[in-house]
Amino acid sequence: MAKWFYKQNFIIQLLLLLIPVVNWIVELCVRWSAWLSNKKFFTLIFAVLTIPFGIIFGWIDLVWLLIFRHLIFAKA
């Protein structure tokens, strides 16, 4: 899912993170697939924290995506 997300147009990525319920689902899918592909500690921590705080991370990742063009600790 992380690879799919990063293949999308930048505007589509922003829209997926802008819509509140959609951003939580996208955050869950992208974070867990990123953890499955590289098994780093911070990726796991953010994946677990996304379960209760996914909408908040979605808004933070929206800003992070605008600045750095990837999500926090979720590179594909």
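Owing to the predicted nature of the structure, the values given are computational and were not obtained by experimental measurement.

1. A word on the packing of helix H2 (residues 10-18) against helix H4 (residues 41-68)
Next up, step 1: At a minimum axis distance of 9 Å, the contact between H2 and H4 shows a crossing angle of 160 degrees. Considered as vectors, H2 and H4 are oriented roughly antiparallel to each other. When you trace H2 past H4, the crossing you get is left-handed. The residues of H4 that touch H2, namely those facing Phe10, Gln13, Leu14, Leu17 and Leu18, are Gly58, Trp59, Asp61, Leu62, Leu65 and Leu66.
Next up, step 2: A class-by-class count of the residues in the contact of H2 with H4 yields eight nonpolar, two polar and one charged.

2. Re the pattern of salt bridges
Next up, step 1: The final tally for this structure, using the stated rule, is two salt bridges.
Next up, step 2: Put simply, Arg31 and Glu27 hold a salt bridge, and the shortest N to O gap is 3.0 Å. Of the two residues, Arg31 and Glu27 are both situated in helix H3 (residues 20-38); the distance of four residues between them amounts to about one turn of the helix. Each member of the pair, Arg31 together with Glu27, is buried.
Next up, step 3: The network of salt bridges with common partners includes Glu27, Arg31 and Asp61.

3. Considering the packing of aromatic side chains
Next up, step 1: Applying the stated criterion to the full structure yields seven aromatic pairs.
Next up, step 2: Between Phe46 and Phe73, the ring centres sit 5.1 Å apart and the planes meet at 40 degrees, which makes this aromatic pair tilted. Taken together, the residues span a long stretch of sequence, with Phe46 in helix H4 and Phe73 in the segment after H4 at a distance of 27 residues.
Next up, step 3: Taking relative accessible area as the criterion, Phe46 reaches 16% and is therefore assigned buried.
Next up, step 4: On the accessibility criterion, Phe73 (40% relative accessible area) is partly exposed.
Next up, step 5: Through a chain of ring-to-ring contacts, three or more aromatic side chains come together here, namely Phe41, Phe42, Phe46, Phe57 and Phe73.
Next up, step 6: Residue placement shows Lys39 over the ring face of Trp35; its charged tip is 4.2 Å from the ring centre.
Next up, step 7: Directly above the aromatic system of Phe10 lies the positively charged group of Arg69, at a separation of 3.7 Å from the ring centroid.

The rules we used
- Residues numbered from 1 in each chain as written.
- Predicted model: local features only at pLDDT ≥ 70, side-chain atom pairs only at ≥ 80, totals over all residues.
- Heavy atoms only, no water.
- Axes fitted to C-alpha atoms, helices over the stretch in contact; angles between N-to-C directions.
- Helix = DSSP H or I, 4+ residues; strand = E, 2+ residues; numbered from the N terminus.
- Parallel < 35°, antiparallel > 145°, perpendicular 65-115°, else oblique.
- Left-handed = near helix turned anticlockwise from the far one by under 90°.
- Contact = heavy atoms within 4.5 Å.
- Nonpolar A, V, L, I, M, F, W, Y, C, P; charged D, E, K, R; others polar.
- Salt bridge = Lys/Arg side-chain N within 4 Å of Asp/Glu carboxyl O.
- Buried < 20%, exposed > 50% of the residue type's maximum accessible area, 1.4 Å probe, protein only.
- Phe/Tyr/Trp six-rings, centres within 6.5 Å; stacked < 30°, edge-to-face > 60°.
- Lys NZ or Arg CZ within 6 Å of the ring centre and 35° of its normal.

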